[in-house]
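# Tertiary structure, described
Now for the letters of each chain:
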Amino acid sequence: MKTTIVIFKKELLDSLRDRRTLFTMIVMPLLLFPLLISISSRMMLTQTRKAQEKILKVGLDTHGNAMDFRASLMSRKDMIVIEGIPLETARRRIRGDSLDAYLDFDPGFDDRVESLSRARITFYFKSKDREAIGKNRIRDELERYEHRLLENRFARLGLNMDIHRPLDIHEQNLASAKERLAEAVGGFLPYLFILFCFMGAMYPAIDLAAGEKERGTLETLLTTPAGRFQILTGKFGVVVLTGIGSAVISMLGLYLGIRQVSEIPPQLFTVIMSILEWRSILMLFTLLLPLTVFFAAILLSVSLFARSFKEAQSAISPMTIAVIIPAFIGLLPGMELNTVTALIPILNVSLSTRAIIAGSVSPLLMLEVYGSLILYAAVSLLLCTRIFSNEHIILRT
Amino acid sequence: MIEVSGLSKHFPLSREQKKEKGRKALSHKVTAVDNISFQCRPGRIFTLLGPNGAGKTTTLRLIAALLRPDSGSIRVAGYDTQKQAFEVRRRLGFLTGTTRLYERLTPLELVKYYADLYGMEKQRFEKRRDELFDLLDMHEFAGRRIAKLSGGMRQKVSIVRTIIHDPEVMVFDEPTVGLDVLTSQNIITLIRQCREEGKTIIFSTHIMGEVSLLSDDMAVIHEGKLLFNGSFDAFSANMRGKTLEAAFIDLLKEAA
């Protein structure tokens, strides 16, 4: 045990002095969430504000109809109404972004309204997401106009407006805010934590195995009285610690990111903070720990098998995709933790984290998840030990 | 004392070797060491001379209990390398010319790490460390990261790392390969000093100058087999006026 601790302490010191490890384990997870939250929320707010404040240029051809609508549109300060533009020119200008919209009324519009028929207005626009707010302003104006026409018609016929809407539907969503949020972000958070666990463990695993082989220091280490199992355990401990450490730091990053952005609605803030309560975090880490052991054993095995740092790097980099895919599947709507998905590594952590956040964890399924994760960790650890005991693999460069 | 008896070691063919030999290959194994026996005595320097790929490194790795022999036995300081590997490693110092160091550690940290692995007590370690640092004039750079040290400074750190636990058996695998003259001289001095201290020393080389400079006893190894095993004086007596290099080449030609 004493030898294992000596090796663990040295490997940890060595790894913490490695810039690549520091970057993937501390800098990236700590900064990613604050940067992501801050930049995306600021960009979203700026874009929304821009779209709201923009004065729309609206082409209008009523053919002498709908004078009240024309007057209402003209009175708006957030729109400039331009009349007399031929349709083709208007279409070209919309495509070229020099006109925001064009409303073309049927020539017989008023007559059709008068005869209680449907009267057509053609609404030309070019909409990408950020222009939707502008488009909606014109649509709102049109809907208000339609409502006024409808009221007039009902008044003329002496009918109550309720005839138009026979049903009075009151929606009552009984899902808690936490459950709704779990569906929205519950898959995304474990996805990131799993990825950080893997990435945090990646560089130390490459450096402590393939790197040492390449430098020849592993050969020297093996000539000391330290047993192979003690050496492996010391290295393994560091790889697991950096993986878990990376996930902890990313959680801290998430907390800091949320604290620093004042634009987050207080209700959402309270819900996210409740996710970050110690019980949820503890459950998350009991899942991440066996998963990280599994990652560490696989990473060390591949790294020990490689002849050089570069070879290990090119073998391990594509493995990131193998981690991303099941974690990503966990993001898909409708994916749930069941007896089958509980057995699939990574996906089971992703889905059970979602269940933990939603507060709807099934103890039996969780038991299955823990069981499978511990089994995978044990098998991969056994594989790693066998590779480390193989003199041909360990000493070849 | 190192006693090697009937030692053999085979390795599986590498992918490249399999390609080279094709289907004609009778065996999927290559013999690295083929039934060799020799003894290295305390207070004497035993040189293992051979060309590249002769089996020198494999022999030394077997002695250091890094590899397990397929047949035969090795006793180091009276301990069997297979059955008592821990005892063997406690008494052994291993230095190769190609080994690098942990560049992110300082010499102080690195030497302490190895002393801890050898289970040295604090007082004994500090005394030994100070002696060696004085001897090799290392105090000035002892706290600097190894990555920032020169080749000569690094070699000094390697030497201290190897002998910090004062081993009774020293194994040097081509220790001067790739080093400049001055740094090589440090190694030569170390090997001689180990002899004076009565340690058992085995070192491999393909540099003739080092053989004549250091050897008390020697063995010539080629394709895993020993072509000569005896004292350096006995080898010199058979040279019949030839240079050491010419005698060595003739020996290889005779074996072929």
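In what follows, the structure referred to is the one given above.
An account of the accompanying structure is given in this report.

Cut-offs and rules
Residues numbered from 1 in each chain as written. Chains lettered and ligands numbered in written order. Predicted model: local features only at pLDDT ≥ 70, side-chain atom pairs only at ≥ 80, totals over all residues. Heavy atoms only, no water. Pairing = 2+ DSSP bridges. Helix = DSSP H or I, 4+ residues; strand = E, 2+ residues; numbered from the N terminus. Axes fitted to C-alpha atoms, helices over the stretch in contact; angles between N-to-C directions. Contact = heavy atoms within 4.5 Å. Buried < 20%, exposed > 50% of the residue type's maximum accessible area, 1.4 Å probe, protein only. Arc of directions from axis to C-beta. Phe/Tyr/Trp six-rings, centres within 6.5 Å; stacked < 30°, edge-to-face > 60°. Lys NZ or Arg CZ within 6 Å of the ring centre and 35° of its normal.

On to the sheet that holds strand S7 (residues 169–173) of chain B, then. All names here are of chain B. Taken together, six strands build an open sheet; the order of strands is S6-S7-S8-S3-S9-S10 and the sheet is mixed. Both outer strands of the open sheet, strand S6 (92–96) and strand S10 (225–231), are each paired with one neighbouring strand and no more. This sheet shows a mean twist of 15 degrees between the axes of neighbouring strands, independent of strand direction. Those strands touched by helix H6 (residues 151–163) are S6 and S7, and its axis lies near 160 degrees from that of S6. Across the sheet, helix H10 (residues 244–255) touches strand S3 (45–49), strand S9 (217–222) and S10, and the angle it forms with S9 is around 45 degrees.

So, on to the sheet that holds strand S3 (residues 101–105) of chain A. Residues and elements named next belong to chain A. The four strands lie next to each other as S2-S1-S3-S4, forming an open sheet whose pairing is mixed. The two strands at the open ends of the sheet, each matched to only one other strand, are strand S2 (79–83) and strand S4 (121–125). Going from strand to strand, the sheet's axes swing by 20 degrees on average, the running direction of each strand aside. With five bridges connecting them, strand S1 (residues 56–61) and S2 associate as parallel partners. Within the sheet, the bridge partner assigned to Leu 56 lies in S2 and is Met 79. The strands that helix H3 (residues 67–74) touches are S1, S2 and S3; relative to S2, the one it contacts most, it runs at about 135 degrees. The strands touched by helix H4 (residues 87–95) are S2, S3 and S4; relative to S3, the strand with the most contacts, the crossing angle is about 155 degrees.

Within helix H13 (residues 309–316) of chain A the residues assigned to the buried category are Phe 309, Ala 312 and Ile 316 of chain A. Seen end-on, H13 of chain A carries its buried residues on one side only, within an arc spanning 65 degrees.

With the rule as written, the count across this model stands at 13 aromatic pairs over all chains. Judged by centre distance (6.0 Å) and plane angle (50 degrees), the rings of Phe 294 of chain A and Tyr 376 of chain A are tilted. With Phe 294 of chain A in helix H12 (residues 278–305) and Tyr 376 of chain A in helix H16 (residues 363–389), this pair connects stretches of sequence that are 82 residues apart. Centroid distance Tyr 102 of chain B to Tyr 113 of chain B: 6.0 Å. Interplanar angle 75 degrees. Geometry classified as edge-to-face. Separated by eleven residues along the polypeptide, Tyr 102 of chain B in the loop between S6 and helix H4 (107–117) and Tyr 113 of chain B in helix H4 bring together distant segments of the chain. For Tyr 102 of chain B, a relative accessible area of 1% corresponds to the buried category. Put simply, the rings of Phe 69, Phe 105, Phe 109 and Tyr 145 of chain A pair up and form one aromatic cluster. Sitting over the ring of Tyr 102 of chain B, Lys 10 of chain A keeps its end group 3.3 Å from the ring centre.

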